[in-house]
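Chain residues, written in single-letter form:
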Amino acid sequence: MGATSDAETICPTGKTISSEPQGPLPATAAKISVRHLNFFYSRRQVLYDIGLDIPEKKITALIGPSGCGKSTFLRTLNRMFETVPYTRVEGEVKLDGEDIFGMSVVDLRRRVGMVFQKSNPFPKSIFDNVAFGARVNGLKNRDKLREVVETSLRRAALWDEVKDSLRKSAYSLSGGQQQRLCIARALAVDPEVILLDEPCSALDPIATAKIEDLLFDLVGSCTIIIVTHNMQQAARVADQTGFFLLGRLIEFDKTEVMFKNPSRKETEDYISGRFG
Amino acid sequence: MGTAAAPLPRIRAASHHRLRRTILDFLGWGMSAIAFLLLGGAMVWILAVVVMRGYHALSLTVITHVTEGYGGGLLNAIEGTLILAFGGLILSAPLGLAAGIYLAEFDRGRLAPVIRFLADVLVGVPSIVIGYFCYVTLVERLGWKFSVAAGSVALAIISLPYICRTSEMALRQVPRALREGAYALGARDSRVVLGICVPTALPGILTGVLLALAISVGETAPLIYTADWSNYLWTGHLTKEPIGYLTYAIWAFITEPFASAHALAYAAAFFVTLFVLLISIASRMVLVERPGWRRPWTR
Ligand SMILES: Nc1ncnc2c1ncn2[C@@H]1O[C@H](COP(=O)(O)OP(=O)(O)OP(=O)(O)O)[C@@H](O)[C@H]1O
Ligand SMILES: [Mg+2]
């Protein structure tokens, strides 16, 4: 198909990339390990033989030009792609060594939370937005609920700004606050992994800095995977960085290595802004 | 003059455009005004006729007394209309909403196109046919009498497709991002639908329910065969005793050769119109959004 031949002409080295994890294995254990992952929208393949290990309690950034499959990859990790009917996936994804495709999808998504590019608070109050996450987990007790809402909002660095207006609509918040509200909502489920798909793309530098600080606070307790178009952001926050190009994982290594001394020419070209 | 001559044509072109725009504006406004006058005029006319003719009968007696022959009041009919309309709603709203949820959320089910088709057909079935169907099945076969239950079922069948399709439409308007957000938290289908989609779509769903209520209040044909008529207040029997309703009073009394009967018919018309008007106002208010709660996707 068109996409395949494009990929081969633009990325002739693709075939030499093995599906074994790129770069040295991280010191900590792999929280998520992916092997030989292929992904299809109908018949069109958009991910090719991805293999990598996501280190536990670290920040992993995924970078690459638009349309290279970063979001698709992220959406396989919590099986969100299943909400689109004509998708198909091949290969292996393990969470703590357990096959995610064998798990109950509800349990998987409670363990692997997600924050979307466009903030999507529910048309409810600030409190109810966060409480929804906790209620999903079966929490009913009012006091407990209030406690979880408060801790989640604190962890998302939003508590001080909203503590007096918890009953107000979530839409009364600014864009950056709404995005942090969505993070708080995800945290209320108490996930082990958080997937963030370009969470700062609609935010100004100050709001972006707040979210980056927040990531550093969270990474002590969670594994974080963040897709970003912002090279500086990846360089600032990530321990590991993966570079995607045309559906392939070109390079995956420690962030310093990726940015200072990448082993592949495509990575160097992309990072230095020569294409993409 | 010599230096000013150069830009002159452009100015003239611009004023040409302005003239055309003014004419188009004028035409547009004019047509809107005519449309408004036609609709508003018809509305005011109907209300005026109903109020002026019903005026003589509009005394306290109308709402405090039941019908006696061709005189008396309409308390029995007002009560009956409300009971029948709400009775129909109690049956049709849960079923219609459930069907709407099925159509909007579980479209991949094989039954969805069938239900959608049946709902559309049902809208087109004349209401008197539905009334007759209920007469044959409920009154004749099941042995119910003309009654609240039979009338309510007939009205429920008429309301069902409206509630079903408006619920479906309203649920389809709920943005995908909200559903995804809920699923990504690990919520089950039931919680996503009942906790996020239905509350978000509630104004639209309620509009459909109120539309069905207004239709029920205004229906006559399906009730003639199922509720019949009664001069007395309802005693609480569901399937045994007939019940009065306003549209019957309009339909039956207007052809009687008595002034008192005519007055009652117009008074009944006044109340039906009033109820429908109130329901319409209520459905507009449902759609008014609370300030600060504006949904971002309507921006
Ligand atoms: N729902 C879909 N149906 C069909 N094709 C899709 C769908 N979503 C994405 N694709 C295709 O899959 C490929 C990868 O898309 P994806 O959204 O994963 O890219 P991305 O790297 O996240 O891009 P961006 O940086 O622009 O967000 C693209 O070519 C896109 O056209
Ligand atoms: Mg994307």
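Residues numbered from 1 in each chain as written. Chains lettered and ligands numbered in written order. Predicted model: local features only at pLDDT ≥ 70, side-chain atom pairs only at ≥ 80, totals over all residues.

1. Looking at the overall build of chain A
Here is step 1 of the chain: From N to C terminus, chain A includes 11 helices and 10 strands.
Here is step 2 of the chain: Residues classed as buried in chain A amount to 46% of the 276 residues present. (Helix = DSSP H or I, 4+ residues; strand = E, 2+ residues; numbered from the N terminus. Buried ≥ 20, exposed ≤ 12 C-beta atoms within 10 Å, placed from the backbone.)

2. Quick look at the overall build of chain B
Here is step 1 of the chain: Regarding its fold elements, chain B presents 11 helices and 2 strands.
Here is step 2 of the chain: When the helices and strands of chain B are listed from N to C terminus, the series reads α-α-β-β-α-α-α-α-α-α-α-α-α.
Here is step 3 of the chain: Taken over C-alpha atoms, the radius of gyration comes to 26 Å for chain B, far larger than the 19 Å a tight globule of 299 residues would show.
Here is step 4 of the chain: Based on the C-alpha atoms only, the size of chain B along its principal axes is roughly 95 × 60 × 35 Å.
Here is step 5 of the chain: Here chain B holds 299 residues, and 38% of them are scored as buried.
Here is step 6 of the chain: Summarising the internal contacts of chain B: among those between residues at least 6 apart in sequence, 77% fall at separations of at least 24. (Rg over C-alpha atoms; globule rule 2.2 N^0.38 Å. Contact = placed C-beta atoms within 7 Å.)

3. Focus on the site of ligand 1
Residue and element names in this part refer to chain A.
Here is step 1 of the chain: Every residue close to ligand 1 is listed here: Y41, V46, G64, S66, G67, C68, G69, K70, S71, T72 and V84.
Here is step 2 of the chain: With 3 residues, the single largest contributor to the shell around ligand 1 is helix α2 (residues 70-77).
Here is step 3 of the chain: Grouping the constituent residues of the shell around ligand 1 by class yields 4 nonpolar, 6 polar and 1 charged. (Near = placed C-beta within 6 Å. Nonpolar A, V, L, I, M, F, W, Y, C, P; charged D, E, K, R; others polar.)

4. Side note on the pairing of strand β9 (residues 240-245) of chain A
All names here are of chain A.
Here is step 1 of the chain: Counting buried residues along β9, 6 of its 6 residues qualify, which places the element largely inside the surrounding structure.
Here is step 2 of the chain: With burial as the criterion, each face of β9 is covered, one bearing Q240, G242 and F244 and the other bearing T241, F243 and L245.
Here is step 3 of the chain: Summarising the sheet, strand β3 (residues 59-63) and β9 pair through 4 bridges and their orientation is parallel. In the sheet register, A61 faces β9, and the bridge partner there is T241.
Here is step 4 of the chain: Here 6 bridges tie β9 to strand β10 (residues 248-254), and the two strands are oriented antiparallel to one another. (Pairing = 2+ DSSP bridges.)

5. Examining the nonpolar core
Residue and element names in this part refer to chain B.
Here is step 1 of the chain: Ranked by size, the top nonpolar core spans 155 residues in total, and within it L74, L246, A249, L264, A267 and A268 carry the most contacts.
Here is step 2 of the chain: Top element by residues in this core is helix α6 (residues 148-172). It accounts for 15 residues.
Here is step 3 of the chain: For L264, the residues in contact, after removing those within four places along its chain, are A57, L74, A249 and F253. (Core = buried A, V, L, I, M, F, W, Y, C linked by C-beta atoms within 7 Å.)

6. Examining the interface of chain B and chain A
Here is step 1 of the chain: Each side of the interface is counted separately: chain B has 20 residues, and chain A has 24 residues.
Here is step 2 of the chain: At the level of secondary structure, the elements contributing two or more residues to the side of chain B that touches chain A comprise α7 (176-184) and α8 (189-218) of chain B.
Here is step 3 of the chain: Of all the elements, α7(B) adds the most residues to the side of chain B that touches chain A, at 6 residues.

7. What about the pairing of β10(A)?
Here is step 1 of the chain: In terms of burial, β10(A) is largely enclosed, as 6 of its 7 residues are buried.
Here is step 2 of the chain: Taken together, β9(A) and the strand that follows it, β10(A), pair antiparallel across an intervening segment of 2 residues, in which A:L246 is found at a positive phi of about 50°.

8. Quick look at the sheet that holds strand β4 (residues 87-95) of chain A
Hydrogen bonding along the main chain pairs the strands of a sheet, whether they run parallel or antiparallel.
All names here are of chain A.
Here is step 1 of the chain: Ordered in space as β2-β1-β4-β5, the 4 strands form an open sheet in which the pairing is antiparallel. Both outer strands of the open sheet, β2 (44-55) and β5 (98-99), are each paired with one neighbouring strand and no more.
Here is step 2 of the chain: Relative to β2, strand β1 (residues 30-41) is paired through 8 bridges, and the arrangement is antiparallel. In the sheet register, S33 faces β2, and the bridge partner there is D53.

9. Details of the packing of helix α3 (residues 75-105) of chain B against helix α4 (residues 111-124) of chain B
Residue and element names in this part refer to chain B.
Here is step 1 of the chain: It is the contact of α3 with α4, at a shortest axis distance of 9 Å, that shows an interaxial angle of 130°. Classified by the angle between their axes, α3 and α4 sit oblique to one another. The two elements α3 and α4 meet at a crossing, and its hand is left-handed. Note on element contacts: α4 touches α3 through A112, I115 and R116, opposite A99, Y102 and L103.
Here is step 2 of the chain: Partitioning the contact of α3 with α4 into residue classes produces 5 nonpolar, no polar and 1 charged. (Axes fitted to C-alpha atoms, helices over the stretch in contact; angles between N-to-C directions. Parallel < 35°, antiparallel > 145°, perpendicular 65-115°, else oblique. Left-handed = near helix turned anticlockwise from the far one by under 90°.)

10. Notes on the sheet that holds β9(A)
Residue and element names in this part refer to chain A.
Here is step 1 of the chain: With mixed pairing, 6 strands are arranged side by side in an open sheet as β6-β7-β8-β3-β9-β10. Among the strands making up the open sheet, the edge pair consists of β6 (112-115) and β10. Each neighbouring strand pair of the sheet contributes to a mean axis angle of 15°, computed without reference to strand direction.
Here is step 2 of the chain: Sitting on the sheet, helix α7 (residues 175-187) touches β6 and β7 (193-197), and the angle it makes with β6 is about 170°.

11. A look at the domain arrangement of chain B
All names here are of chain B.
Here is step 1 of the chain: Under the domain assignment, chain B is made up of domain 1 (1-55) and domain 2 (62-298).
Here is step 2 of the chain: The C-alpha-based centres of domain 1 and domain 2 are spaced at 39 Å.
Here is step 3 of the chain: Each side of the interface is counted separately: domain 1 has 6 residues, and domain 2 has 5 residues.
Here is step 4 of the chain: Split by residue class, the side of domain 1 that touches domain 2 holds 4 nonpolar, 1 polar and 1 charged. (Domains from an automatic or database assignment.)

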